[in-house]
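Chains, contacts and geometry: an overview
In case you want the letters, here they are:
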Amino acid sequence: MTDRRGPGTHAPPFPGQAYYDGAMEARTTPKDDDFLGSVVNFALRHPVRVLLIVMAAHVVVWTLLPLLTAGNLELDLAEDLALGKEWQLGYWKHPPLPWWLSDLVFRATGKIEAIYFIAPVVVMACYAGVYLLSRDIAGPVQALIATLSLTGIHYYNYSSVKFAHDQMQLPFWAFTALFFYRGLVRGRALDWIIAGAMLAGAFWSKYAAFALALSLAGFLLLDPLARRSLRTPGPYLMAAAFCVVIAPNAIWLVQSDFLPFQYVTERARIAGRWYQYLTYPAGWVVAQAFFIHPTLILLAVVLFPRLRKQEPLPPKASFARRYATLLALGPFVVVTLSATLTGRKPITMWGYPLWSFLPLAAILWFGPVVNALRLRVFAIGVVFLFLLGPAIYIGTHLYDQHQRSRPKATEFPGAALARSLTREWRDKTGQDLHYVAGTEFAANNVAVYSPDRPHVVVHGRPQISPWIDFDDLRKRGVVVVWEEGLPAAHIEEWRTRFGAQGEPESLELPRQTRRKAAPVRIRYWMVPPKP
C-alpha cells in the first residue's frame with residue numbers, strides 16, 4: 001500500500017485514535033427540559049463554542065479584577081516592565097521571555113495597565129493546548145470536561161494576575177505535551193519539530209521546564225511503544241529544534257557563568273536537620289494538594305462511584321492513558337525527588353505548570369463522564385468554581401483595605417514616588433532621568449511610572465545589570481532610592497559605588513488604602529551628572 005501521508009512523515013510506532021469513540025459521547029445527552037439541561041446539551045453539541053465562551057469570560061474577569069482593585073503594580077509586574085525593555089538574552093534570576101512579552105505589550109499599547117491582560121490570555125492559551133491534546137485522546141466532550149476542570153486550580157485564576165515566569169510557562173508545557181504526543185502517534189516530522197520548539201519556549205520562560213523534559217525523556221525511553229519512535233527521525237528532529245531555539249539563551253548562560261542558577265542557590269533553604277529532608281517535601285505535597293483540592297473534589301463527585309467496571313484496554317488506549325498519567329504526575333515526581341535528594345525546600349509556586357493534565361488522567365482512569373446527572377453536577381460545579389475565584393479575590397481585597405496589618409505591593413505609591421523624584425531631578429539637573437538604582441521594588445516603580453522610563457541598576461549592582469554603561473551613568477547621573485528600614489538597602493556600598501555626597505534625603509508618601517497605615521518612608525540620593 002502506498003503511504004499517502006505526504007513528505008516529511010515517517011511511519012509512527014502505531015496509529016493514534018481517540019480513547020473514547022463518538023458512540024459513547026452520543027449516549028451522554030440528558031433531557032432538554034430545563035435551563036441546566038439545555039446548557040449541558042449545548043455543551044455536548046458544541047464543546048468548542050462553550051470552551052471559547054469560558055475562555056473569553058475568564059480573560060474579561062481576570063483582566064478587570066486587578067485593573068479595578070490594584071492601585072499599584074504587583075512586585076512581579078513592576079519587574080516585568082522595568083527590566084523587559086532591556087531585551088537581554090538572559091537575566092540574573094530568570095530567562096527573559098515573560099519580560100520581553102510585557103515590554104512588547106507596553107510598546108504596542110502605551111499603557112502600563114495593559115500588562116493585566118497578559119496573564120489571563122496566557123492561561124487560556126494553556127487551556128487551548130490542554131483541550132487539543134485531550135480531544136486527540138478522549139474526544140471533544142471529555143476534552144471539554146478535562147479542560148474546564150482546571151477552573152478549580154488556584155494557579156489558573158487567583159494567582160495568575162501576577163504575570164511572570166510561572167504563568168508564561170503554562171502554554172509551552174501544554175503545547176509541548178500536545179505535539180510530543182502527536183509526534184508519537186502520527187509520526188509527522190513537523191509535530192516533532194514543533195514539540196522541540198515548544199519545549200525550548202518552556203525553558204525560555206522558566207528553567208523549571210527541566211521537570212517536563214526529564215519526564216518526556218523518561219517516557220520515551222521506558223514506555224515500550226514510545227521507545228519504537230527512537231528508530232525514526234522524530235525524537236532527533238525534536239532535539240535539534242530544541243537546541244536551535246534555546247541556543248541564544250544557552251550561550252548566554254555559559255557566558256554569564258550560569259548566573260540564574262547562582263540566584264536560585266543563594267535563595268534556597270537547605271535542610272539543616274535530618275527530619276527536614278522529610279518535612280520539606282511533605283509540606284510541599286500538602287501545599288500542592290491544597291491548591292488543587294477544589295478540582296480533586298469536583299472530579300471525585302462526577303467520577304465516583306464508578307458506574308460500570310472498566311474493561312481491559314486495547315494497546316492504543318492503554319498507551320494514551322500511560323502518557324496522560326505521565327503528564328499528570330511525572331513532573332511532580334521529578335520536582336519532589338529533586339528537592340528531597342538535595343535537601344532544598346520546594347517553593348509552592350513551583351507547582352504552577354504541573355497539574356494541567358491531572359483531570360485528563362483522572363478521566364482516563366475512572367471515566368468517562370457520560371451520566372446525565374453527573375454532567376449536570378459537573379456544570380454546576382464549574383460555574384461555582386468559576387465564580388468562587390473572583391469572589392475570594394474581591395473579598396480578600398475588601399478585607400485588606402480595612403483589616404490587613406502588613407503593607408501590600410498594590411498599595412505602594414509608585415506613581416507618586418516616580419512623579420516626585422522625576423520632577424525634583426529635572427528641576428535640579430535640567431535633564432531627563434536616565435538611571436535609577438536602589439532596592440528592587442522602589443527602583444522598579446520609578447522605572448515604570450516615571451515618564452522618563454529610566455534604566456534600572458538592579459539592587460545597585462552593575463554585575464547583575466549588564467545593560468548599564470557605567471561611564472554613561474556617571475555622565476548622566478543617577479537616583480539611588482530605597483525604602484527605609486529594608487535589609488536589602490546597602491547604603492554605604494551605594495554611596496561609594498555611585499559617588500553620593502552627604503546624607504540621603506527623605507520623602508514620606510501615603511499608601512493607597514482605606515485603613516490607617518504607616519506611610520511609605522523613602523530615602524534617596526540624587527547623584528548629579530558629571531561632565
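Residues numbered from 1 in each chain as written. Predicted model: local features only at pLDDT ≥ 70, side-chain atom pairs only at ≥ 80, totals over all residues. Heavy atoms only, no water.

Another aspect to go through is the overall build of the chain. Scanning the chain for helices and strands turns up 21 helices and five strands. Against the globule reference of 24 Å for 531 residues, the chain gives a C-alpha radius of gyration of 26 Å, in line with a compact fold. On the principal axes, the C-alpha backbone points of the chain span a range of 80 × 55 × 50 Å. Out of the 531 residues belonging to the chain, those deemed buried represent 55%. (Helix = DSSP H or I, 4+ residues; strand = E, 2+ residues; numbered from the N terminus. Rg over C-alpha atoms; globule rule 2.2 N^0.38 Å. Buried < 20%, exposed > 50% of the residue type's maximum accessible area, 1.4 Å probe, protein only.)

Our focus in this paragraph is a nonpolar patch on the surface. On the surface, V60, L64, L67 and L68 cluster together into a nonpolar patch covering about 370 Å² of accessible area. By secondary structure assignment, the location of V60 is in helix α3 (residues 47-69). The exposure class assigned to V60 is partly exposed, which follows from its relative accessible area of 47%. (Patch = residues over 30% accessible without salt bridge, like charges linked within 9 Å, V, L, I, M, F, W, Y side chains within 5 Å. Areas by Shrake-Rupley, 256 points an atom, 1.4 Å probe, with all protein chains shown as cover. Salt bridge = Lys/Arg side-chain N within 4 Å of Asp/Glu carboxyl O.)

With that out of the way, let us pick up the confidence of the model for the chain. Per-residue confidence for the chain averages 92 on the pLDDT scale, and 94% of its residues sit at or above 70. Every residue in residues 1-7 scores below 50 in pLDDT, and together they form four contacts with partners more than four places removed in sequence or on other chains. (pLDDT = per-residue confidence, 0-100. Contact = heavy atoms within 4.5 Å.)

Consecutive side chains of a regular strand alternate in pointing toward one face of the sheet and then the other. Across the six residues of strand β3 (residues 478-483), six count as buried, placing the element largely inside the fold. By the alternation rule, side chains of β3 split into V478, V480 and W482 and V479, V481 and E483, which are all buried. Examined bridge by bridge, strand β1 (residues 435-438) and β3 share three bridges and lie parallel to one another. Each residue of the ladder has a partner; that of A437, found in β3, is V480. (Pairing = 2+ DSSP bridges.)

Close contact between helix α14 (residues 276-303) and helix α16 (residues 358-366) brings their axes to 11 Å; oriented N to C, the two are set at 20 degrees. Viewed along their axes, α14 and α16 adopt a mutual orientation that is roughly parallel. Here α14 runs over α16; the crossing is right-handed. Between α14 and α16, the contacting residues are I292, T295, L296, L299 and L303 on the first element and L358, P359, A362, I363 and F366 on the second. (Axes fitted to C-alpha atoms, helices over the stretch in contact; angles between N-to-C directions. Parallel < 35°, antiparallel > 145°, perpendicular 65-115°, else oblique. Left-handed = near helix turned anticlockwise from the far one by under 90°.)

Two modes of strand pairing occur in sheets, parallel and antiparallel, and in both the strands are linked by backbone hydrogen bonds. With mixed pairing, five strands are arranged side by side in an open sheet as β2-β1-β3-β5-β4. Edge positions in the sheet fall to β2 (455-458) and β4 (505-509), since each of these pairs with one other strand and no more. Across the sheet, the mean angle from the axis of one strand to that of its neighbour is 30 degrees, orientation sign disregarded. Where β3 lies against strand β5 (residues 520-527), six bridges are found, and the strand directions are antiparallel. Residue pairing across strands places E483 opposite I522, the latter belonging to β5.

As a further point, take the pattern of salt bridges. Considering all chains together, one arrives at 21 salt bridges under this definition. Its salt-bridge partner being D166, residue K206 comes within 2.6 Å of it at the nearest N-O pair. Taken together, the residues span a long stretch of sequence, with K206 in the loop between α9 (189-205) and α10 (210-222) and D166 in helix α8 (residues 165-186) at a distance of 40 residues. As far as the burial class goes, K206 and D166 line up, both buried. With a closest N to O distance of 3.2 Å, E492 and R495 form a salt bridge. Taken as a pair, E492 and R495 lie in helix α21 (residues 491-498) at a separation of three residues, close to a single helical turn.

In this fold, V377 is placed in helix α17 (residues 372-402). For the pair V377 and L36, spaced 341 residues apart in the sequence, the C-alpha separation amounts to 9.8 Å. The contacts of V377, once residues within four sequence positions are left out, are V301 and V302.

This part is about the side chain of K85. Inspection of the secondary structure puts K85 in the loop between α4 (75-84) and α5 (97-109). No salt bridge forms around the buried K85; measuring N to O, its nearest opposite-charge neighbour E86 is 4.3 Å away. Only 2.9 Å separates the side chain of K85 from the backbone oxygen of A82, close enough to count as a polar contact. There is a polar contact of 3.2 Å between the side chain of K85 and the backbone oxygen of P454. Once you skip the residues sitting within four places of it in the chain, K85 turns out to touch D103, R107, A447, R453, P454 and H455. (Lys, Arg positive; Asp, Glu negative; His and termini not counted. Polar contact = N/O pair within 3.5 Å; in protein donor to acceptor, adjacent residues only side chain to side chain.)

Here the focus is α5. Helix length check: α5, at 13 residues, gives a terminal C-alpha distance of 19 Å against a target of 18 Å (1.5 Å per residue), a fit within 8%. Within the sequence span of α5, burial applies to L97, P98, W99, W100, S102, D103, V105 and F106. Each element contacted by the buried residues of α5 is listed here: α4, α6 (118-138), α8 and α9. Where α5 ends, the next residue or the one after it, G110, has phi of about 75 degrees, a positive value. (Expected span 1.5 Å × (residues − 1).)

This part takes up α6. The terminal C-alpha atoms of α6 lie 30 Å apart, and with 21 residues this matches the ideal 30 Å at 1.5 Å per residue to within 8%. The buried count for α6 comes to 16 of 21 residues, which makes it a mostly enclosed element.

The omega torsion of the bond from F304 to P305 falls at -10 degrees, within 30 degrees of zero and hence cis. Looking at where P305 falls in the secondary structure, it is placed in the loop between α14 and α15 (315-342). Going from G367 to P368, the amide bond is cis rather than trans, its omega being 10 degrees. Inspection of the secondary structure assignment puts P368 in the loop between α16 and α17. A positive phi angle is found at D257, which is not glycine, with a value near 60 degrees. Secondary-structure assignment places D257 in the loop between α12 (234-255) and α13 (259-267). In this structure, F258 is a non-glycine residue whose phi angle is positive, near 55 degrees. By the secondary structure assignment, F258 is in the loop between α12 and α13. According to the relative accessible area criterion, F258 is partly exposed, its value standing at 36%.

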